[in-house]
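Below, each chain spelled out in residue letters.
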Amino acid sequence: MTFDIETIVVGAGVVGLACARALAQSGREVMIIERHDAIGTETSSRNSEVIHAGIYYPKGSLKAKLCISGKQALYRYCADRGINHRNTGKLIVATHDAQIDALRQIEKHAIGNGVTDLTWRSAEEIHEREPAVKCVAALESPSTGIIDSHDLMVSLLGDAEIAGATLALNTDVIAGRHENGLHILQTRDVAGEEMEISCKELVIAGGLHSQTLANNYSGLARQTVPPQHYARGIYFTLGGKSPFSTLIYPAPEQAGLGIHLTLDLGGQARFGPDVEWIDQPDYTVNDARRSLFADAIRRYYPDLDEAALQPGYAGIRPKIQSKGEPARDFLISGPDDHGVDGLITLYGIESPGLTASMAIGDYVCAKLSSLPVKKAAC
């Protein structure tokens, strides 16, 4: 059995790059195929760039386990490689007494996930630290932070390339099949030229396009491919100097964590994302939603001047549940799940995908190697 490349990873977002890094460092010959002209141009570059603590996700879920191990690996990796990041911490605020019980439930759930460092803060303590914030109590998460996602992706790609991986940009995977123990991919470049390439192992990490790639793969049972839904989240930035020094999160909402306040590494404040279910990827930032944002933000930042909110950017969550359905876990499927040797498919890799990326890379590598899944290591 001969093949062109031992292992192909489709998708050069942060998760695809982390998978490629782990696979290349395991000794495999790896090629990364990306449809765009640069790495990480979709979900990976259109998010809050928050390093999540692992507080909210269902106990025992992949989101919980990979977020926590990924967070630890990410902080070590950033420190080791000099990747721009900051351990800002965050405050989860109760804006009225009725929400305090919700914070207690959040704390209890976090402890069940192994996040045991949350600390209660009084309204007086918060006012002293963050005078712009209005709340009656808060939970502080000291292990939450922010990161330069582009710096991270460049570093992950560099590690993969040092280990022998190659990157093919401007290359669309338009079809695939499993034949004689190999994965045969049909690709098309920007000039319209088509070619076939074969590999022994295939990782589909296409983000918003994973289901399309899987449905165009002959031999993969369609019932193993979940539906694809898109939940757009937009961000507004705050003009002028930020009055905040840490991240501020309200109580979580269905399908998201509410319109929270994050900071970029330059110190600019930004609010978002909201949740808007859409039929197809669309990155429009609708300025008409400004008033909705202002109303939500004023619950914890009452002095907000709505005119200071400036349209920022939009990102799209690759959901595998529809509007109104319970949130679903990451779906990382291997041969035991779909019956195709040497194939790993990743679906629904939304938040905390950035935080969990290195742990996901190790998880995929272990799954392909038929080894026990281990904690992420850098």
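About the thresholds
Residues numbered from 1 in each chain as written. Predicted model: local features only at pLDDT ≥ 70, side-chain atom pairs only at ≥ 80, totals over all residues. Heavy atoms only, no water. Salt bridge = Lys/Arg side-chain N within 4 Å of Asp/Glu carboxyl O. Helix = DSSP H or I, 4+ residues; strand = E, 2+ residues; numbered from the N terminus. Buried < 20%, exposed > 50% of the residue type's maximum accessible area, 1.4 Å probe, protein only. Pairing = 2+ DSSP bridges. Axes fitted to C-alpha atoms, helices over the stretch in contact; angles between N-to-C directions. Parallel < 35°, antiparallel > 145°, perpendicular 65-115°, else oblique. Contact = heavy atoms within 4.5 Å. Nonpolar A, V, L, I, M, F, W, Y, C, P; charged D, E, K, R; others polar. pLDDT = per-residue confidence, 0-100. Phe/Tyr/Trp six-rings, centres within 6.5 Å; stacked < 30°, edge-to-face > 60°. Core = buried A, V, L, I, M, F, W, Y, C linked by side-chain atoms within 4.5 Å. Lys, Arg positive; Asp, Glu negative; His and termini not counted. Polar contact = N/O pair within 3.5 Å; in protein donor to acceptor, adjacent residues only side chain to side chain.

(A) Layout of the pattern of salt bridges. Evaluation of the coordinates by the stated rule reveals 21 salt bridges. Across the pair D172 and R35 runs a salt bridge whose closest N-O atoms are separated by 3.4 Å. Of this pair, D172 sits in strand β10 (residues 171–179) while R35 sits in the loop between β2 (30–33) and β3 (50–51), placing them 137 residues apart in sequence. Its relative accessible area of 27% is what places D172 among the partly exposed residues. A salt bridge links R177 to E196; its shortest N-O distance comes to 3.0 Å. Taken as a pair, R177 in strand β10 and E196 in strand β12 (residues 194–204) lie far apart in primary sequence, 19 residues in all. Each of R232, D274, E276, D282 and R289 takes part in one network of salt bridges that share partners.

(B) The arrangement of the sheet that holds strand β4 (residues 85–86) in detail. Read across the sheet, three strands follow the order β3-β8-β4 without closing on themselves; strand pairing throughout is antiparallel. Looking at the sheet topology across the chains shown, the edges are occupied by β3 and β4. Both β4 and strand β8 (residues 145–147) contribute to a ladder of two bridges, which runs antiparallel. Across the sheet, the residue bridging to R86 is I146, located in β8.

(C) Fine view of the packing of helix α2 (residues 62–81) against helix α9 (residues 353–369). In contact at an axis separation of 6 Å, α2 and α9 are set at 100° when each is read in the N-to-C sense. For the element pair α2 / α9, the angle class is roughly perpendicular. Every residue of α9 that contacts α2 at L62, L66, C67, S69, G70, K71, A73, L74 and Y77 is listed here: L354, T355, A356, M358, A359, I360 and Y363. For the contact of α2 with α9, the class distribution of residues is twelve nonpolar, three polar and one charged.

(D) Looking closely at the confidence of the model for the protein. Averaged over every residue, the pLDDT of the protein is 95; the share at 70 or more is 96%. A low-confidence stretch, residues 371–378 (pLDDT under 50), is modelled with 20 contacts involving residues beyond four sequence positions or located in other chains.

(E) Spotlight on the packing of aromatic side chains. Counted under the stated rule, the structure contains four aromatic pairs. Judged by centre distance (5.0 Å) and plane angle (80°), the rings of F244 and Y301 are edge-to-face. Taken together, the positions of F244 in the loop between β14 (229–238) and β15 (247–249) and Y301 in the loop between α7 (290–297) and β19 (309–319) put the pair 57 residues apart, joining distant regions of the chain. Ring geometry for F271 versus Y301: centroids 6.5 Å apart, planes at 15°, classification stacked. Here F271, found in strand β17 (residues 269–272), pairs with Y301, found in the loop between α7 and β19; they are 30 residues apart in sequence, far enough to count as distant.

(F) Region of interest: the side chain of S357. Tracing the backbone shows S357 in helix α9. When sequence neighbours within four positions are dropped, the list of residues in contact with S357 reads V14, V15, A18 and L152.

(G) Examining the environment of R298 more closely. Looking at the secondary structure, you find R298 in the loop between α7 and β19. Sequence separation between R298 and V133 is 165 residues, and the spatial gap between their C-alpha atoms is 9.3 Å. Excluding residues within four positions of it along the chain, R298 makes contact with L304 and E306.

(H) Region of interest: the nonpolar core. Core analysis: the largest hydrophobic core is formed by 46 residues, its most contacted members being L66, L152, V203, I332, L346 and I360. Mapped by element, the contributors of at least two residues to this core are α1 (14–25), β2, α2, α5 (149–162), β21 (343–347) and α9. Sequence-distant contacts of L346, defined by excluding residues within four places in its chain, comprise V15, V203, I204, A205, S210, L331, I332, I360 and V364. One finds I100, A132, I297 and Y300 within the second-largest nonpolar core, a separate group that totals 45 residues.

(I) A look at the side chain of K90. Relative to the helices and strands, K90 resides in strand β5 (residues 90–94). For the buried K90, no salt bridge is present, and the opposite-charge side chain at shortest range is D117, 10 Å distant. Here K90 is in contact with I55, Y56, L139, E140, S141, T144, T246, L247 and Y249, once residues within four sequence places are set aside.

(J) Representation of the environment of D274. Along the chain, D274 turns up in the loop between β17 and β18 (276–278). Each C-alpha atom, one on D274 and one on F293, is 8.0 Å from the other, the two residues being 19 residues apart in sequence. With residues up to four places along the chain from it excluded, the contact list for D274 reads R232, G233, I234, I259, R289, F293 and R317. Within polar-contact distance, the side chain of D274 engages the backbone nitrogen of I234 at 2.9 Å.

(K) Representation of the pairing of strand β7 (residues 137–141) within the structure. Of all five residues that make up β7, five are buried, and the element is covered over most of its length. Side chains of β7 alternate between two faces, with A137, L139 and S141 and A138 and E140 buried alike. Sheet topology note: the β5/β7 ladder contains five bridges and is antiparallel. The residue of β7 that forms the bridge with V93 is A138. One ladder, built from four bridges, connects strand β6 (residues 119–122) with β7; its direction is antiparallel. Opposite S122, over in β7, you have A137 as the bridge partner.

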